[in-house]
Amino acid sequence: MNELATLPTTRDENWRYADPAWLASADLAQLNDWREIAVPAGETVCEILSVESGAERLRVHVGQGGRFELFAINAAGPYARAEAEVTLEEGAHFEFGGVTIGGGKNRQEFVTRTVHSSPGASSNQVVRAVQWGQAVGNFLGRIEVVKDAQKTDAAQNFRAILLEKGASANAKPELEIFADDVKCAHGAAIGALDETAGFYMASRGLPPEVARKLLIHAFVADAFEAIEDEELRGEMLAKALNVLDEEAV
Amino acid sequence: MLKIENLHAEVDGKQILNGLSLEVGAGEVHAIMGPNGAGKSTLAYVLGGRPGYEITQGTVEFLGQDMLELEPHERAAAGLFLGFQYPVEIPGVSNVQFLREALNAQRKARGEEPFSGGEFLKVAKEKAGLLKLDMEMLKRPVNVGFSGGEKKRAEMVQMGILDPRLAVLDETDSGLDIDALRVVGEGINTIMRAPDKAVLLITHYQRLLDVVQPDFVHVLAKGRIVKSGGPELAHQLEEEGYEAVAA
Ligand SMILES: Nc1ncnc2c1ncn2[C@@H]1O[C@H](COP(=O)(O)OP(=O)(O)O)[C@@H](O)[C@H]1O
Ligand SMILES: [Mg+2]
């Protein structure tokens, strides 16, 4: 868990999709100032994050059998990055649900590094990106499974919907696995809104903007499915969709 | 109710409908039969206004309006229902939510009051019962994990809830076993057999027409109606095949 000695550049793997202009004038001390969270053995900590402009970095240690949940909406710009470095002790779990949503020239990203440092830990990460204009949504998810961390179960899923031609998304899963009894699932898909579904919905009388909202609602909901508190889940969804209402064309 | 004149349409630059004309009056059921690739689904999509289907010539009038001027959702609000040959899956959106939004969007477009949750569920239950579809299925995402037959029955539940003036049903009988076929056919009769409604039934098989008895039968081949007649034409097609009858 190295400190940065100099400002990173987009040549650094971990910052490859970052905004170079922002990086050039970033504050090194601030970048090295991680927010630390310790989840005691057997306990659950749930962190809700509204990502703001700039970079926010979390360093989390999850004790034996503990559970760390992170649910985040990244609707900020011009550059907004939320980063989490999570170390899991035996039988611990990391649950991450993130949504990047926005247009303009916003560059929104989630970066995670999940370290399965002992046997039997699990992690599940679901990131959904909805971008329009010339916005970019990124997910860099690094998973490290140390030697002897058998029975590790790590899953990662990224999907992006690009509402306009100029928008883009990048997914970069990175696996570094030194144990052999490991289950690692990852998937990534980037595409446009499903036109066939759009026509089907229109044929039932739904105006395009209503159909689009329903489809995006369902899409974004994946990221928050693991939120147990129904009210909180609803709030997160509403908050994400609100960005669509207020900003999307 | 529906008047199609000299319709020409192309998909991906390929001409598929070649001067198709057809008139459907209120209270009538018309069957359209024809070989694979004749353009039956294309006709359904063109009527529904599917993007990518370009009309190069001809007119379509629906209830006195120029239908080709309307957006797909406006056609639905005007009273058109399209039963899909391949109903589309919409993960994450429940049937109940989807259909209530759709029904209320249609009602709003027509200047009618929206249905409350309770009013909607009452109608939904009634139509699901009619088609013998478990109400639990309607709580699940649209068509996701439904068998072929369930999808077709769900289409007819949708039709019952949306209560259209004209239903264009594209091979609603395919994928149904004999019992389901009867349920679906009787559902179509209950929902659509009325003096102010009409049905355009696209099918390959006589067996659906035994239940939903058409007033007129047309043969569609190479993008146009090549022969029209009464119910006896369907029997003749079944016995002699398209080539012999349409030649
Ligand atoms: N998207 C498409 N692009 C090009 N050709 C198409 C497309 N869709 C259908 N066709 C062609 O149009 C013709 C009519 O198809 P279709 O309307 O599906 O026939 P039917 O429903 O009568 O079997 C076929 O030759 C088919 O290959
Ligand atoms: Mg067809």
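Here the residue numbers are simple positions, counted from 1 along each chain's written sequence. Numbering of ligands from 1 and lettering of chains from A proceed in the order in which they are written. The model is predicted, so local features are restricted to residues of pLDDT at least 70 and side-chain atom pairs to those at 80 or more, both for listing and for counting; the totals for chains, interfaces and linings are taken over all residues. Heavy atoms from the whole structure form the basis of all side-chain values; hydrogens and water molecules are not counted.

Caption draft 1: Structural context of the sheet that holds strand β11 (residues 168–177) of chain A. All names here are of chain A. For two strands to count as paired, DSSP must find a minimum of two bridges between them. Strands are runs of DSSP state E lasting at least 2 residues, helices are runs of H or I lasting at least 4, and numbering of each runs from the N terminus. Spatially, the six strands line up as an open sheet ordered β1-β3-β5-β7-β9-β11, and their pairing is parallel. For this open sheet the edge positions go to β1 (35–39) and β11, each flanked by a neighbour on one side alone. Averaged over all adjacent pairs, the angle separating strand axes in this sheet is 10 degrees, with direction ignored. Two strands pair when backbone bridges link them, and strand β3 (residues 54–62) and strand β5 (residues 79–88) are joined in this way by nine bridges, in the parallel orientation. Bridging across to β5, Leu58 finds its partner in Ala84. For every element, the axis is a line fit to its C-alpha atoms; helices are fit only across the contacting stretch, and the angle between N-to-C directions ranges from 0 to 180 degrees.

Caption draft 2: Molecular detail of the confidence of the model for chain B. Looking at chain B, pLDDT values average 95 and 100% of them are 70 or higher. Predicted complex, confidence summary: ipTM 0.96, pTM 0.89. Confidence of the predictor at the level of single residues is captured by pLDDT, which takes values from 0 to 100.

Caption draft 3: The side chain of His8 of chain B, seen in detail. Positionally, His8 of chain B belongs in strand β1 (residues 2–11). Accessibility here uses a 1.4 Å probe with only protein chains present; expressed as a share of the type maximum, an area under 20% marks a residue as buried, one over 50% as exposed, and anything in between as partly exposed. On the basis of relative accessible area, His8 of chain B is assigned to the buried category, the value being 14%.

Caption draft 4: Layout of the site of ligand 1. Residues and elements named next belong to chain B. We define proximity as follows: a residue is near a molecule or strand when any one of its heavy atoms falls within 4 Å of that partner. Around ligand 1, the surrounding shell consists of Val11, Asp12, Lys14, Ile16, Pro35, Asn36, Gly37, Ala38, Gly39, Lys40, Ser41 and Thr42. Counting of polar contacts relies on pairs of N or O atoms within 3.5 Å, with two restrictions inside protein: one atom must be capable of donating a hydrogen and the other of accepting it, and residues adjacent in sequence are counted only when both atoms are side-chain atoms. Interatomic distance of 2.8 Å between a backbone N/O atom of Gly37 and an oxygen atom of ligand 1. Ser41 is positioned with one of its backbone polar atoms (N or O) 2.8 Å from an oxygen atom of ligand 1. Residue-level accessible areas treat just the shown protein chains as cover; the underlying method is Shrake-Rupley with a 1.4 Å probe. Notes on ligand 1: free accessible area 570 Å², of which the protein chains cover 66%. Only β2 (14–24) and α1 (40–48) provide two or more residues apiece to the shell around ligand 1. Just so you know the grouping, Ala, Val, Leu, Ile, Met, Phe, Trp, Tyr, Cys and Pro go in nonpolar, Asp, Glu, Lys and Arg go in charged, and all remaining residues, Gly too, go in polar. Residues that form the shell around ligand 1 fall into these classes: four nonpolar, five polar and three charged.

Caption draft 5: Region of interest: the coordination of the magnesium ion (ligand 2). Residues and elements named next belong to chain B. Protein ligation of the magnesium ion (ligand 2) involves Ser41 (OG) and Gln85 (OE1), the donor distances falling in the range 2.1 to 2.3 Å. Of this pair, Ser41 sits in helix α1 while Gln85 sits in the loop between β6 (80–83) and β7 (90–94), and the two are 44 residues apart along the sequence. On the basis of relative accessible area, Ser41 is assigned to the buried category, the value being 18%. We classify Gln85 as buried; its relative accessible area is 13%. Counted as donors are N, O and S atoms no farther than 2.8 Å from the metal, or 3.2 Å for Na, K and Ca; water is not among the atoms, and sites may therefore look incomplete.

Caption draft 6: Inspection of the interface of chain B and chain A at higher detail. At the junction of the two partners, chain B supplies 29 residues and chain A supplies 16 residues. Here the quantity called buried area is the total loss of accessible area, with a 1.4 Å probe, experienced by two parts when brought into contact, counted for both. Together, the buried faces of chain B and chain A total about 1800 Å²; carbon and sulfur atoms form 73% of this surface. Three residues stand out in chain B for area buried against chain A, namely His73, Val88 and Phe98 of chain B, and they jointly supply 28% of the buried area on that side. What counts as a salt bridge is simple: a side-chain nitrogen of Lys or Arg found within 4 Å of a carboxyl oxygen of Asp or Glu. Connecting chain B to chain A are one salt bridge. The salt bridge partner of Glu155 of chain B is Arg204 of chain A, with a shortest N-O separation of 2.8 Å. For the side of chain B that touches chain A, the elements supplying multiple residues, two or more each, are α1, α2 (72–78), β6, β7, α3 (95–109) and α6 (148–162) of chain B. With six residues, the top contributor of residues to the side of chain B that touches chain A is α3 of chain B. A class-by-class count of the residues in the side of chain B that touches chain A yields 18 nonpolar, eight polar and three charged. When checking whether two residues touch, look at their non-hydrogen atoms; a contact exists if any pair is within 4.5 Å.

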